[in-house]
Amino acid sequence: MPLILTEEQTLLQDAADGFLSEHAPIAHLRKLRDERDPDGVSRDLWRAFGEMGFSGVVIPEEDGGSGLGAVEAGVIAESLGRTLTPSPFMGSSVLAATVLKAAGSEAQKQWLGRIAAGEAILSLAVDEGPKHAPAKIAARAERSGNGFKLNGAKGFVLDGHVADALIVAARIQQEGADEGLTLFLIDPATPGVSVERTVMVDAHNAARVTLTDAQIDADAVIGAVGEGQGPLDAALTLGRACAASSLVGAGDQAFRLTLDYLKTRKQFGKLIGEFQALQHRAAHLFTELELAKAATLAALQAIDAGRSDAEQAAGIAKAKAGRVAELAVQEAIQMHGGVGMTDAFDVGLFMKRVRVLNELLGDAHFHAERLARAQGF
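Residues numbered from 1 in each chain as written. Predicted model: local features only at pLDDT ≥ 70, side-chain atom pairs only at ≥ 80, totals over all residues. Heavy atoms only, no water.

Draft legend 1. Region of interest: the pattern of salt bridges. In the structure shown here, the tally under the stated rule is 23 salt bridges. Glu 359 is the partner of Lys 131 in a salt bridge, and the nearest nitrogen-oxygen pair spans 3.0 Å. Taken together, the residues span a long stretch of sequence, with Lys 131 in the loop between β1 (122–125) and β2 (140–144) and Glu 359 in helix α10 (residues 347–359) at a distance of 228 residues. Connected via shared salt-bridge partners are Glu 78, Arg 82, Asp 252, Arg 256, Glu 290 and Lys 293. (Salt bridge = Lys/Arg side-chain N within 4 Å of Asp/Glu carboxyl O. Helix = DSSP H or I, 4+ residues; strand = E, 2+ residues; numbered from the N terminus.)

Following this line, the structure appears as structure tokens:
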């Protein structure tokens, strides 16, 4: 399949770029940060996302969405990376929507229409330690009454502090036997559920979720007991590919800002872009960004095609995009000189965002190890 967007996907990209540039430029992030907004995200903007059809890209039409696919979700994620817009898109429209679409009951799928309309925010609670490690989930669910009792702690829950519902991954134990990973759809207001906002270094939002004997009904189970791994893997695969898209967007925009600076900043009576050493570095970065874009689009296309290697392709894209975006923001800082480290220049904000996106759903080392193990090394 050609590694280029179709005409329809290009139109979506133009629409997303134009919408975010007008309604949520970097000044939007700065305003939320500097005014210490208690939510750190705009509900009005999220509803506007729904009106534009962006928040329902992977949600089927029969559930109120646009019925598009992974590539379109990546297009939106890349635009968000360019403008650094704080948005529930990743947590709600990508991760939570994929889980519910794959395994939700008819009642649970009612949330999909609300997500697509920008009326609801859902968050997926998976990670528990300082690093992404979905294979090491320690949260426990015990059978209790007509439902379950949950105990554990989750971190890095995207926009969890403003979520209308949480999807929690836990392991069910019965008489000492592990019945497998299970996903639960729970109300954050449930007694025993504590949610604490954590403002990240890039001024985006996550939360810590603590579960202490939280009693939930049996109908909170998404899919079947012990069969949560498949829907979770599907969500994480799409999430990693979309995170790679945001990394590509952030890295590419940092590169564009740097090119503009090279064409305007003078040193020793010459534009610094005329110095061959900087030209070589810019050319190298351009080629690396193109490779990252290709790897990311290939992963998104693999997901849409339902290929067996989609999970590996998403990991490769996440690793490549992460390393390239890190190079892009480092070069941006260096080529801007001392001013690049000041808050007055946007390139520093891109560096912070890239650092957080690299950790989201696994950094390059995590995915390199997974790929190596899958290849038998």
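Having seen the structure, we can now continue with the description.
Draft legend 2. Just the environment of Arg 370, in detail. Assignment of secondary structure puts Arg 370 in helix α11 (residues 364–374). In this structure the C-alpha to C-alpha distance between Arg 370 and Lys 136, which are 234 residues apart in sequence, comes to 14 Å.

Draft legend 3. Inspection of α10 at higher detail. With 13 residues, α10 extends 19 Å from end C-alpha to end C-alpha; this agrees with the ideal 18 Å at 1.5 Å per step. Most of α10 is tucked away, with 10 of its 13 residues classed as buried. Residues Val 347, Gly 348, Leu 349, Phe 350, Met 351, Arg 353, Val 354, Val 356, Leu 357 and Asn 358 constitute the buried set of α10. Buried residues belonging to α10 abut α2 (26–34), α4 (70–83), β3 (147–158), α7 (229–262) and α9 (310–336). Just downstream of α10 lies Leu 361, where phi reads positive at about 60 degrees. (Expected span 1.5 Å × (residues − 1). Buried < 20%, exposed > 50% of the residue type's maximum accessible area, 1.4 Å probe, protein only. Contact = heavy atoms within 4.5 Å.)

Draft legend 4. Region of the structure containing the layout of surface pockets. In this structure, the largest pocket spans a volume of roughly 310 Å³. Lining of the largest pocket is provided by 17 residues; of these, Thr 98, Lys 101, Ala 234, Leu 238 and Ile 303 occupy positions nearest its centre. Looking at the lining of the largest pocket, the elements that each hand over two or more residues are α5 (89–103), α7, α8 (276–305) and α9. A total of five residues in the lining of the largest pocket trace back to one element, the largest contributor, which is α7. For the lining of the largest pocket, a count of residues per class yields eight nonpolar, five polar and four charged. (1 Å grid on protein atoms, 1.4 Å probe; cavity = no way out; pocket = protein on both sides within 12 Å on 5 of 7 lines; lining within 4 Å. Points joined across faces, edges and corners; volume = space filled by probe spheres on them. Nonpolar A, V, L, I, M, F, W, Y, C, P; charged D, E, K, R; others polar.)

Draft legend 5. Broad picture of the packing of α5 against α7. Put simply, α5 and α7 touch, their axes get as near as 8 Å, and they point 150 degrees apart. Judged by the inter-axis angle, α5 sits roughly antiparallel to α7. The two elements α5 and α7 cross, and the hand of that crossing is right-handed. Along its contact with α5, which presents Met 90, Val 94, Leu 95, Thr 98, Val 99, Ala 102 and Ala 103, the element α7 presents Pro 231, Ala 234, Ala 235, Leu 236, Leu 238, Gly 239, Cys 242 and Ala 243. By residue class, the composition of the contact of α5 with α7 is 13 nonpolar, two polar and no charged. (Axes fitted to C-alpha atoms, helices over the stretch in contact; angles between N-to-C directions. Parallel < 35°, antiparallel > 145°, perpendicular 65-115°, else oblique. Left-handed = near helix turned anticlockwise from the far one by under 90°.)

Draft legend 6. Geometry of unusual backbone geometry. One non-glycine residue, Leu 84, lies in positive phi territory at about 60 degrees. Position of Leu 84 relative to the elements: it lies in the loop between α4 and α5. With a phi angle near 70 degrees, Ala 203 is a residue other than glycine that sits in the positive phi range. Take Ala 203: it is sitting in the loop between β6 (193–199) and β7 (205–217). Judged by relative accessible area, Ala 203 falls into the buried class, the value being 14%.

Draft legend 7. Just the packing of aromatic side chains, in detail. Taken as a whole, this structure holds eight aromatic pairs when the rule is applied. Measuring from ring centre to ring centre gives 5.8 Å for Phe 19 and Phe 54, while their planes differ by 75 degrees; the resulting arrangement is edge-to-face. Taken together, the residues span a long stretch of sequence, with Phe 19 in helix α1 (residues 7–23) and Phe 54 in the loop between α3 (43–52) and α4 at a distance of 35 residues. Phe 19 gets classed as buried once you look at its relative accessible area, which sits at 9%. Residue class for Phe 54 comes out buried when judged on its relative accessible area of 2%. For the pair Phe 148 and Phe 184, a centre-to-centre distance of 5.4 Å together with 65 degrees between the ring planes defines the contact as edge-to-face. Placement of Phe 148 in strand β3 and of Phe 184 in strand β5 (residues 177–186) is noted, with a sequence separation of 36 residues between them. (Phe/Tyr/Trp six-rings, centres within 6.5 Å; stacked < 30°, edge-to-face > 60°.)

Draft legend 8. View of the side chain of Glu 326. Its place among the elements puts Glu 326 in helix α9. Assessed through its relative accessible area of 15%, Glu 326 is described here as buried. A distance of 3.3 Å separates the side chain of Glu 326 from the side chain of Asn 358, its partner in a polar contact. Apart from residues no more than four positions distant in its own chain, Glu 326 is found in contact with Val 354, Arg 355 and Asn 358. (Polar contact = N/O pair within 3.5 Å; in protein donor to acceptor, adjacent residues only side chain to side chain.)

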